[in-house]
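Each chain, written out:
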Amino acid sequence: MSRIAIRSAAQNKTTCLRSVSIVGTGSYLPERVLTNADLAKMVDTSDEWIMTRTGIKERHIAAKDEATSDLAIEAARRALAQAGVAPQDLDMILVATITPDMFFPSTACFVQKSLGAVNAACFDLQAACSGFLYALETGRQFIASGSVDTVLIIGAEKLSCITDWEDRSTCVLFGDGAGAAVLQNRPGTRGILSSVMGSDGNLSHLLSMPGGGSRNPASEQTVKEHLHFLKMAGKEVFKYAVNSMLGAAKQALEQCALTIDQVDCIIPHQANVRIVQAIGERLGAPLSKYYLNLPRTGNMSAASIPVALDEAVRAGFIHQRDVVLLVAFGGGFTWAAAILEW
Ligand code: UT7
């Protein structure tokens, strides 16, 4: 059994816990591609504006009858196949999403049903674009403590169903997709070396979907007022995204006593190429270390990091023993970072 010493800031003591590794990844993007040229026919925008302000060229959009769990299930199947893990061996399924199939039951339960993962405890968690890293840390804690052995974590979104297709300031940014990872203790591997999470609820108003919940239950009026669509104060969010991801990355490096030069690959939340450039400069990591799929996918919230991670692994961008930094920022506000030895 592989174990790792984890420093607990709260207790200021070192505990010997099981190490936790990602042992398989998978992803799924819906078939339909929406290009910037397509968007220019829908709202007053241009390929030139979208490319220079965001770096996004196109994004995938789920079919009308495709729900978030459908995307999640496909990504999960691919991750399980790569890990060589059977659905019945899953002890837990965590789905990070802001676009669940329904309020309840959880999207994780729909995934369970389709996979036949009869032994898994299932729940969703919500930390917007940081959701996958929150799921990674949650899964890690359960395995590290010895409570469970195998956890499937998924970041999945059908953002197209909460996108206001008449609002050019947001509709050009988002896409649909899902990414999954299987977590286990694997003897001989160190896996997750550090992980940090943080939130600031004072800034919740800058990025939200106000309608449909208990604050503004769905009504004719909320539909008329477009409250069931995502709203974002882009400029403010941009500033906080850079500072929060930078802080989280530095904290995660500090926690495992590594420097940025020792990191081989960085997978940031893919919201805007200018955010990645700003972080790159201030972290002191060349852009060649970053894996970016943003031009092809747009911002997929909780799905962004796991889809990029799976693509990076399959493309040979990440090699065995590489040190990988994952870093995210999202509505809430929430932020998170994790460092793994692959
Ligand atoms: O994933 C969660 C975290 N999300 C993020 O990290 C997103 C962070 N924010 C951003 O990425 C950027 O703020 C945006 C890409 C959303 C916007 O870029 P910006 O450089 O901050 O532009 P802006 O909102 O200040 O808008 C500049 C101009 C405005 O026109 P005026 O007022 O200068 O005349 C907008 O009306 O661009 C206009 N504009 C557009 N023009 C053409 C806004 N959207 C569009 C558009 N096409 N799609």
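Here the structure is a predicted model, which is why all the values come from computation and not from measurement.

## Remarks on the side chain of Thr 107
Here is step 1 of the chain: Residue position: Thr 107 is located in helix 4 (residues 107–115).
Here is step 2 of the chain: Excluding anything up to four places from it in sequence, Thr 107 contacts Thr 68, Ser 69, Val 95, Thr 97, Pro 100, Asp 101 and Asp 124.

## Side note on the site of the ligand
Here is step 1 of the chain: Taken together, 23 residues are adjacent to the ligand, and Thr 45, Arg 53, His 269, Asn 272 and Asn 299 come closest.
Here is step 2 of the chain: In the environment of the ligand, an oxygen atom lies 2.9 Å from a nitrogen or oxygen atom belonging to the side chain of Arg 53.
Here is step 3 of the chain: One nitrogen or oxygen atom from the side chain of Lys 235 is found 2.9 Å from an oxygen atom belonging to the ligand.
Here is step 4 of the chain: Burial of the ligand by the protein chains amounts to 74% of its free accessible area of 960 Å².
Here is step 5 of the chain: For the shell around the ligand, the secondary-structure elements that each account for two or more residues are helix 2 (47–54), helix 6 (168–171), helix 8 (234–255) and helix 9 (273–283).

## So, the packing of helix 8 against helix 9
Here is step 1 of the chain: Where helix 8 contacts helix 9, the axes come no closer than 10 Å and their chain directions differ by 40°. Classified by the angle between their axes, helix 8 and helix 9 sit oblique to one another. For the crossing formed where helix 8 meets helix 9, the hand is right-handed. Along its contact with helix 8, which presents Phe 238, Ala 241, Val 242, Asn 243, Met 245, Leu 246, Ala 249 and Lys 250, the element helix 9 presents Arg 274, Ile 275, Ala 278, Ile 279, Arg 282 and Leu 283.

## Some points on the pattern of salt bridges
Here is step 1 of the chain: Applying the stated rule across the entire model yields 9 salt bridges.
Here is step 2 of the chain: Note that Arg 18 is salt-bridged to Asp 149, the shortest N-O span being 3.1 Å. Here Asp 149 lies in the loop between helix 5 (131–144) and strand 8 (151–158) and Arg 18 lies in strand 2 (residues 13–18), a separation of 131 residues in the sequence.
Here is step 3 of the chain: Classification of Arg 18 by relative accessible area gives buried; the value is 9%.
Here is step 4 of the chain: On the accessibility criterion, Asp 149 (43% relative accessible area) is partly exposed.
Here is step 5 of the chain: A salt bridge links Arg 296 to Glu 311, with the nearest nitrogen and oxygen atoms 2.7 Å apart. Taken as a pair, Arg 296 in helix 10 (residues 294–297) and Glu 311 in helix 11 (residues 304–314) lie far apart in primary sequence, 15 residues in all.
Here is step 6 of the chain: For Arg 296, a relative accessible area of 35% gives the class partly exposed.
Here is step 7 of the chain: Each of Arg 190, Arg 321 and Glu 341 takes part in a single network of salt bridges with overlapping partners.

## Observations concerning the side chain of Gln 184
Here is step 1 of the chain: Relative to the assigned elements, Gln 184 resides in strand 9 (residues 176–184).
Here is step 2 of the chain: Since its relative accessible area comes to 14%, Gln 184 is described here as buried.
Here is step 3 of the chain: A distance of 3.0 Å separates the side chain of Gln 184 from the side chain of Thr 150, its partner in a polar contact.
Here is step 4 of the chain: A polar contact of 3.1 Å, which involves the side chain of Gln 184, links it to the side chain of Arg 186.
Here is step 5 of the chain: Leaving out residues up to four positions away in the same chain, Gln 184 has contacts with Ser 19, Val 20, Ser 21, Val 23, Val 85, Ile 143, Asp 149 and Thr 150.

## Some details on the nonpolar core
Here is step 1 of the chain: Residues Ile 260, Ile 279, Leu 283, Leu 325 and Ile 339 are the most contacted members of the largest nonpolar core, which totals 48 residues.
Here is step 2 of the chain: Those elements that place two or more of their residues in this core are strand 10 (191–199), helix 8, helix 9, strand 14 (323–330) and strand 15 (334–341).
Here is step 3 of the chain: The element best represented in this core is helix 8, accounting for 9 residues.
Here is step 4 of the chain: Split by domain, this core shows at least three residues from each of two domains, domain 1 (2–184) and domain 2 (192–341).
Here is step 5 of the chain: Counting residues in each nonpolar core, the second largest holds 37 residues, with Val 148, Leu 183, Ile 192 and Leu 309 among its members.

About the cut-offs
Residues numbered from 1 in each chain as written. Predicted model: local features only at pLDDT ≥ 70, side-chain atom pairs only at ≥ 80, totals over all residues. Heavy atoms only, no water. Helix = DSSP H or I, 4+ residues; strand = E, 2+ residues; numbered from the N terminus. Contact = heavy atoms within 4.5 Å. Near = heavy atom within 4 Å. Polar contact = N/O pair within 3.5 Å; in protein donor to acceptor, adjacent residues only side chain to side chain. Areas by Shrake-Rupley, 256 points an atom, 1.4 Å probe, with all protein chains shown as cover. Axes fitted to C-alpha atoms, helices over the stretch in contact; angles between N-to-C directions. Parallel < 35°, antiparallel > 145°, perpendicular 65-115°, else oblique. Left-handed = near helix turned anticlockwise from the far one by under 90°. Salt bridge = Lys/Arg side-chain N within 4 Å of Asp/Glu carboxyl O. Buried < 20%, exposed > 50% of the residue type's maximum accessible area, 1.4 Å probe, protein only. Core = buried A, V, L, I, M, F, W, Y, C linked by side-chain atoms within 4.5 Å. Domains from an automatic or database assignment.

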